[in-house]
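A structural walkthrough
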Amino acid sequence: MTEAMLRGQKGLASVKDLPVRQDGPPPGGFPPVRYARRIANSGPSGLAVVLFSSVVIGWGMYQVGQGNLHRRTLKAEKIAARQAILPLIQAEEDARFVREKKKFMEEEAKIMANVPGWKVGENVYNSRRWMPPSTGKIRAEC
């Protein structure tokens, strides 16, 4: 099929011979184009967000303070309990120390029996000051 058959006319010598057909607006014109930036007003205002955040932070700080008070009372109770049983623990340690020292003296007397002029239990250092053992033991066990 040729172009002439489709249009019902004879062939064209040039494109310029085509009839001019131009689009135009619909009757009554086009609807207006919305170009303004309109953001939907959804959600709380900035003031409401700040107030809510302040309330939440304030409540959280109050809870932290209450936790600190509770922890402080537990710590004071623990210290008081330790102070109450400290004399008993010290008495037990003193009794253990006396037993260990007595065993140590007997062992020292047995080991140093052949050394002339050795006095059992005498301090080998030139000091009259008594110093408790630093490790809590009379001698190191090998």
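Because the structure is predicted, anything quoted here is derived from the model rather than measured.

Notes on the overall build of the chain
- Looking only at helices and strands, the chain has two helices and zero strands in total.
- Sorting the 142 residues of the chain into buried and exposed places 1% on the buried side.
- As displayed, the chain offers around 14000 Å² of accessible surface, 61% of which is attributable to carbon and sulfur atoms.

Notes on a nonpolar patch on the surface
- Together, Val115, Trp118, Val120, Val124 and Tyr125 make up an exposed nonpolar region whose accessible area comes to about 500 Å².
- Relative to the helices and strands, Trp118 is located in the segment after helix H2 (46-111).

Remarks on the pattern of salt bridges
- Within the structure shown, the criterion is met by two salt bridges.
- Across the pair Arg96 and Glu93 runs a salt bridge, and its minimum N-O distance is 2.7 Å. On the criterion of helical spacing, the pair formed by Arg96 and Glu93 is a turn pair, its members being three residues apart in helix H2.
- With a shortest N-O distance of 3.6 Å, Glu100 and Lys103 are connected by a salt bridge. Residue Glu100 and its partner Lys103 are located together in helix H2, separated by three residues, close to a single helical turn.

A few points about the side chain of Glu108
- Of note, Glu108 is situated in helix H2.
- Here Glu108 occupies a buried position and makes no salt bridge, while the nearest side chain of opposite charge, Lys101, is found at 7.7 Å.
- Once residues lying within four places of it in the same chain are set aside, the contact partners of Glu108 are Trp118, Lys119, Val120 and Gly121.

What about the UniProt feature "transmembrane region" (unreviewed entry) in the chain?
- As recorded in UniProt, the sites labelled "transmembrane region" (unreviewed entry) are residues 44-62.
- The span residues 44-62 is 89% helical and 0% strand by assignment, and the distance between its end C-alpha atoms comes to 25 Å.

Rules behind the numbers
Residues numbered from 1 in each chain as written. Predicted model: local features only at pLDDT ≥ 70, side-chain atom pairs only at ≥ 80, totals over all residues. Heavy atoms only, no water. Helix = DSSP H or I, 4+ residues; strand = E, 2+ residues; numbered from the N terminus. Buried < 20%, exposed > 50% of the residue type's maximum accessible area, 1.4 Å probe, protein only. Areas by Shrake-Rupley, 256 points an atom, 1.4 Å probe, with all protein chains shown as cover. Patch = residues over 30% accessible without salt bridge, like charges linked within 9 Å, V, L, I, M, F, W, Y side chains within 5 Å. Salt bridge = Lys/Arg side-chain N within 4 Å of Asp/Glu carboxyl O. Lys, Arg positive; Asp, Glu negative; His and termini not counted. Contact = heavy atoms within 4.5 Å. UniProt positions renumbered as here; feature names shortened; annotations may be inferred.

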